[in-house]
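What the coordinates show
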Amino acid sequence: MSTVYLNGRFIPLEQATVSVLDRGFNFADGVYEIIPVFLGKLFRLPEHLKRLDNSLSGISLSLDYDGRKWRSVLDELLNLNRVSGDSTVYIQVTRGAAERNHFYQSGYTPTVFAMCKPLSGLDVSMGISAILHEDIRWEYCNIKSVALLPNVLLKQYARDKDGSHEAILSRDGYVTEGASSNVFIVLDNTVRTPPKSNRLLPGITRDLVVELIGKSGGPCLEVPVAEKELLQADEIWITSSTLGIAPVVRLDGRPVGDGKPGPVWRDTNDRYQAFKTNN
């Protein structure tokens, strides 16, 4: 998919360039959003755009794009790239180019970039493995910042340690989230997930899972999850827009439950897949 959107223009990817003085390059002074596309349709677009607006507000970056304009831009981007199947749209907004200085001021022209690519789905039907690691990131994880170096290092550590797909993070003895996902556990027949706070990203798929479980009549508690509860859990899941709902069947090399995807995950995943197809 070779056409991208950059600062008001649709251009070939190889022609897309930004200044070396862009504050996103020098300071990671920017935010991003990833929107899944299923069967050619943008999934939960209003929710994703609301989160993008919240991230922009979180770094005091003003952008003159409303929902209608984003819809027009993204629809055209998908059309130019002839997207009809499953894909992802990536949006990145930085404060723009300016003389390198830690201080910033109003009046900069933001850099606005968007691209799409096929969704390379990971087969999670047999479950994945994860590790538990201290959360070494900053305290504003609710902002979807492009400053992802800690997340990159954590995921790479998980892979290098034992081939795991994800690092589940904890701070002060309580689970926050994964390096690139939200976390759910099943304990005593109840689904639990850490409540929203500045220590975790308000995941769109996370919120949808909470919603789907609520509609099914099953209990889903948004409550603090202690490390010991994670280690005792019958089931562990991670969720993200690109991954969906993935069961974790091994944690730090030890089986979770019976070491297989659990019945609560299967039921919830069935509901999620049905929702994707019909929305």
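Reference entry: report on the structure contained in this document. Here the structure is a predicted model, which is why all the values come from computation and not from measurement. (Residues numbered from 1 in each chain as written. Predicted model: local features only at pLDDT ≥ 70, side-chain atom pairs only at ≥ 80, totals over all residues. Heavy atoms only, no water.)

1. Some words on helix H5 (residues 204–216)
Between its first and last C-alpha, H5 extends 19 Å over 13 residues, near the 18 Å set by a 1.5 Å rise per residue. Regarding H5, the residues found buried are Ile-204, Thr-205, Arg-206, Leu-208, Val-209, Val-210, Leu-212 and Ile-213. Following H5 by one or two positions, Gly-217 has its phi on the positive side, about 90°. (Helix = DSSP H or I, 4+ residues; strand = E, 2+ residues; numbered from the N terminus. Expected span 1.5 Å × (residues − 1). Buried < 20%, exposed > 50% of the residue type's maximum accessible area, 1.4 Å probe, protein only.)

2. Some details on the pattern of salt bridges
The full count for this structure, using the stated rule, is 20 salt bridges. Its salt-bridge partner being Asp-172, residue Arg-199 comes within 3.4 Å of it at the nearest N-O pair. Of the two residues, Arg-199 is situated in the loop between strand E11 (190–193) and H5 and Asp-172 in the loop between strand E8 (166–171) and strand E9 (174–178); the sequence distance between them amounts to 27 residues. Assessed through its relative accessible area of 63%, Asp-172 is described here as exposed. The shortest N-O distance in the salt bridge between Glu-222 and Arg-206 comes to 2.7 Å. Of the two residues, Glu-222 is situated in strand E12 (residues 220–222) and Arg-206 in helix H5; the sequence distance between them amounts to 16 residues. Look at the salt bridges and you will find they share partners, linking Asp-135, Arg-137, Glu-139, Arg-171, Asp-172, Glu-177 and Arg-199 into a network. (Salt bridge = Lys/Arg side-chain N within 4 Å of Asp/Glu carboxyl O.)

3. Things to note about a nonpolar patch on the surface
Residues Leu-148, Leu-149, Val-152 and Leu-153 make up a contiguous nonpolar surface patch of about 360 Å² in total accessible area. Within the element layout of this structure, Val-152 appears in helix H4 (residues 149–162). Its relative accessible area of 49% is what places Val-152 among the partly exposed residues. (Patch = residues over 30% accessible without salt bridge, like charges linked within 9 Å, V, L, I, M, F, W, Y side chains within 5 Å. Areas by Shrake-Rupley, 256 points an atom, 1.4 Å probe, with all protein chains shown as cover.)

4. Describing the nonpolar core
Burial of nonpolar side chains together is a common tendency in soluble globular proteins. Core analysis: the biggest nonpolar cluster contains 35 residues, and Ile-168, Leu-230, Ile-236, Trp-237, Ile-238 and Leu-251 have the highest contact counts within it. Going through the elements one at a time, strand E7 (128–134), strand E10 (182–187), H5, strand E13 (235–240), strand E14 (244–251) and helix H7 (263–278) are the ones with two or more residues in this core. Those residues in contact with Leu-251 that sit more than four places away from it in its chain are Ala-130, Ile-131, Leu-132, Ile-168, Leu-230, Leu-231, Ile-236 and Val-256. Counting 26 residues, the second largest nonpolar core, distinct from the first, contains Leu-56, Leu-77, Val-83 and Val-112. (Core = buried A, V, L, I, M, F, W, Y, C linked by side-chain atoms within 4.5 Å. Contact = heavy atoms within 4.5 Å.)

5. Focus: the packing of aromatic side chains
In this structure the tally under the stated criterion is seven aromatic pairs. Taken together, the ring pairs connect Phe-38, Phe-43 and Phe-275 into an aromatic cluster. A cation over an aromatic ring shows up here: Lys-69 above the ring of Tyr-65, its NZ or CZ 4.1 Å from the ring centre. It is Arg-95 that lies over the ring of Tyr-104; its NZ or CZ is 3.7 Å from the centre. (Phe/Tyr/Trp six-rings, centres within 6.5 Å; stacked < 30°, edge-to-face > 60°. Lys NZ or Arg CZ within 6 Å of the ring centre and 35° of its normal.)

6. Observations regarding the side chain of Asn-151
If you trace the backbone, Asn-151 turns up in helix H4. Residue contacts for Asn-151: discarding those within four places in its chain leaves Arg-137 and Ala-179.

7. Brief notes about the side chain of Arg-44
Of note, Arg-44 is situated in the loop between strand E4 (41–42) and helix H2 (45–58). Residue class for Arg-44 comes out buried when judged on its relative accessible area of 16%. A polar contact of 3.3 Å, which involves the side chain of Arg-44, links it to the side chain of Glu-211. Sequence-distant contacts of Arg-44, that is, excluding residues within four places in its chain, are made with Ile-204, Leu-208, Glu-211 and Phe-275. (Polar contact = N/O pair within 3.5 Å; in protein donor to acceptor, adjacent residues only side chain to side chain.)

8. Focus: the packing of H5 against H7
At a closest axis distance of 10 Å, the pairing of H5 and H7 adopts a crossing angle of 110°. When the interaxial angle is binned, H5 and H7 end up roughly perpendicular. The residues of H7 that touch H5, namely those facing Thr-205, Leu-208, Val-209, Leu-212, Ile-213 and Ser-216, are Thr-268, Arg-271, Tyr-272 and Phe-275. Its residues assigned to classes, the contact of H5 with H7 shows six nonpolar, three polar and one charged. (Axes fitted to C-alpha atoms, helices over the stretch in contact; angles between N-to-C directions. Parallel < 35°, antiparallel > 145°, perpendicular 65-115°, else oblique. Nonpolar A, V, L, I, M, F, W, Y, C, P; charged D, E, K, R; others polar.)

9. Some points on the pairing of E11
Side chains of E11 alternate between two faces, with Thr-190 and Arg-192 and Val-191 and Thr-193 buried alike. As judged from the three bridges shared by E10 and E11, these two strands associate in the antiparallel manner. From the neighbouring strand, Val-186 faces E11, where its bridge partner is Val-191. In this structure, the hairpin formed by E10 and E11 is closed by a connection of two residues, where Asp-188 is found at a positive phi of approximately 55°. Pairing between E11 and E12: three bridges, direction parallel. Note on E12: the bridge partner recorded for Thr-193 is Glu-222. The parallel pair E11 and E12 is bridged by H5, and the resulting crossover is right-handed. (Pairing = 2+ DSSP bridges. Right-handed = clockwise from strand over helix to strand, strands pointing away.)

10. A closer look at the sheet that holds strand E6 (residues 111–118)
Strand order across the open sheet formed by six strands is E2-E1-E6-E5-E3-E4, with antiparallel pairing between neighbours. Pairing within the sheet leaves two strands with one partner each, and these edge strands are strand E2 (9–12) and E4. Pairing geometry for strand E5 (residues 87–94) and E6, over eight bridges, is antiparallel. Within the sheet, the bridge partner assigned to Thr-94 lies in E6 and is Thr-111. Taken strand by strand, H2 contacts strand E3 (30–38), E4 and E5, and its axis lies near 175° from that of E3. Most of the contacts of helix H3 (residues 67–80) go to E6, to which it runs at about 40°, and overall it touches strand E1 (3–6), E2, E3, E4, E5 and E6.

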